[in-house]
Amino acid sequence: SAGIGINLLYMGFIYKGSPLPFQQTFSYYLPVRYLESPIYASYKLRINKKIIPYFQIGLIGRYPIHSGVNRLKSSKYGEYYLVKNYGNLAVFFNNYERLDLLLGSGIKYSFKKSCLDFNVNCFPFHINKNTLKEINSMDDLPPTESYAHADEIISLDIKRRIRIELCYKYYISFKAF
């Protein structure tokens, strides 16, 4: 079978850093939210009508939504978050965050028009886009970019290797023609 869905993904990161001119460590909280749209195909193993194990493969597209932290875009270096706390922290993601390949399996318990679904998915491939590799020192930062005035600039490499989900799904059926 094949399917499409809409999910809300929420991740929270805590970065502990020591921005200049401070000599102590501060915590920066970075909440990240995405609206996800997975497109997948699954192969179902029929044990009985209620309990259905399956394997799936698919693509997940993500669109970032507002999470209380400024998300800005540099024309040369791409999108980043600017977290303001004791100092300013600019956070770039080192891998492409808007598209992922999904491989997984799960088991669902079916009701008449819905199901309770438990699945484990892995994201085996990542497209790296280290946009800051050209920057070697603070002198290389263009002064017109707002992240150039941050106290710290970090690049995160998110390894979304495994995701475990427990969800309730309601099926909508319609006729196209």
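Given the structure is predicted, the values throughout are model-derived calculations rather than measurements. Each chain has its residues counted from 1, running along the sequence as written. Residue-level local features of this predicted model are given only where pLDDT is at least 70; pairs of side-chain atoms are given and counted only at 80 or more, and the full residue set underlies all totals for whole chains, interfaces and linings. Side-chain measures were taken over the full set of non-hydrogen atoms in the model, leaving aside hydrogen atoms and water.

So, the nonpolar core
What is meant by a nonpolar core is a set of buried Ala, Val, Leu, Ile, Met, Phe, Trp, Tyr and Cys residues, joined one to another through side-chain atoms within 4.5 Å. Throughout this description, buried means an accessible area under 20% of the type-specific maximum (1.4 Å probe, protein chains only), exposed means over 50%, and partly exposed covers the range between. Ranked by size, the top nonpolar core spans 14 residues in total, and within it Leu 30, Val 32, Tyr 34 and Tyr 81 carry the most contacts. Here a helix means four or more residues in a row that DSSP labels H or I, a strand means two or more in a row labelled E, and each is numbered from the N terminus. Of all the secondary structure elements, the ones that give two or more residues to this core are strand 2 (7-17), strand 3 (26-44), strand 6 (78-84) and strand 7 (88-93). Counting residues per element, this core draws most heavily on strand 3, which supplies four residues. Two residues qualify as a contact provided that any one of their heavy atoms is within 4.5 Å of a heavy atom in the partner residue. The contact partners of Tyr 34, leaving out residues within four places of it in the chain, are Asn 7, Leu 8, Leu 9, Met 11, Arg 62, Tyr 63, Pro 64, Ile 65, Arg 71, Tyr 81, Phe 93 and Glu 97. Ranked by size, the runner-up nonpolar core spans eleven residues in total, among them Tyr 77, Ala 90, Leu 132 and Ala 150.

Let's talk about the sheet that holds strand 5 (residues 70-74)
Read from one edge to the other, the open sheet built from four strands follows the order 5-6-7-10, with strand pairing classed as mixed. Of all the strands in the sheet, just strand 5 and strand 10 (152-156) have a single pairing partner and so form its edges. The sheet shows a mean angle of 30 degrees between the axes of neighbouring strands, taken without regard to direction. Inspection of the sheet shows strand 7 paired to strand 10 by five bridges, in the parallel sense. Within strand 10, the residue paired with Phe 92 across the bridge is Ser 155. Only when DSSP finds a minimum of two bridges between them are two strands counted as paired. Axis geometry follows a simple rule: fit a line to the C-alpha atoms, using only the stretch in contact for helices, then measure angles between N-to-C directions, giving values from 0 to 180 degrees.

Topic: the side chain of Asn 119
Along the chain, Asn 119 turns up in strand 9 (residues 114-122). Owing to a relative accessible area of 2%, Asn 119 belongs among the buried residues under this scheme. Contacts described as polar in this section are N or O atom pairs within 3.5 Å, which, within protein, must combine one atom able to donate a hydrogen with one able to accept it, while residues neighboring in sequence count only if both atoms come from side chains. Within the structure, the side chain of Asn 119 is placed 2.9 Å from the side chain of Asn 121, a separation counted as a polar contact. Apart from the residues within four sequence positions on either side, Asn 119 is in contact with Tyr 54, Gln 56, Ser 105, Gly 106, Arg 163, Ile 164 and Glu 165.

So, the confidence of the model for the protein chain
pLDDT: the predictor's confidence for each residue, scored from 0 to 100. Taken residue by residue, the protein chain gives an average pLDDT of 82. The fraction at 70 or more is 90%. Mean pLDDT across the elements of the protein chain ranges from a minimum in strand 10, with 78, to a maximum in strand 9, with 93.

Details of the packing of aromatic side chains
Between 30 and 60 degrees the pair is tilted, below 30 it is stacked and above 60 it is edge-to-face, where a pair is any two Phe, Tyr or Trp rings, Trp via its six-membered ring, whose centres lie within 6.5 Å. Under the defined criterion, the tally for this structure stands at five aromatic pairs. On the numbers, 5.2 Å between centres and 80 degrees between planes, the contact of Tyr 80 with Tyr 147 is edge-to-face. Residue Tyr 80 is located in strand 6, and its partner Tyr 147 is located in the loop between strand 9 and strand 10; the two are separated by 67 residues in the primary sequence. Exposure remark for Tyr 147: the relative accessible area of 0% places this residue in the buried category. Members of the aromatic cluster, connected to one another through ring pairs, are Tyr 80, Phe 92 and Tyr 147. Only when the NZ atom of a Lys or the CZ atom of an Arg is both within 6 Å of the ring centre and within 35 degrees of the ring normal do we say a charge sits over the ring. When the ring centre of Phe 123 is taken as reference, the NZ or CZ atom of Arg 62 above it lies at 5.9 Å.

Let's talk about the pattern of salt bridges
A carboxyl oxygen of Asp or Glu within 4 Å of a side-chain nitrogen of Lys or Arg is what we treat as a salt bridge. One pass over the structure, following the stated rule, counts seven salt bridges. Of the charged contacts in the structure, one is a salt bridge between Glu 165 and Arg 163, with a shortest N-O distance of 3.1 Å. On the basis of relative accessibility, which here comes to 15%, the residue Arg 163 falls in the buried class. Among the charged side chains, a salt-bridge network with shared partners connects Glu 36, Arg 62, Asp 100, Arg 163 and Glu 165.

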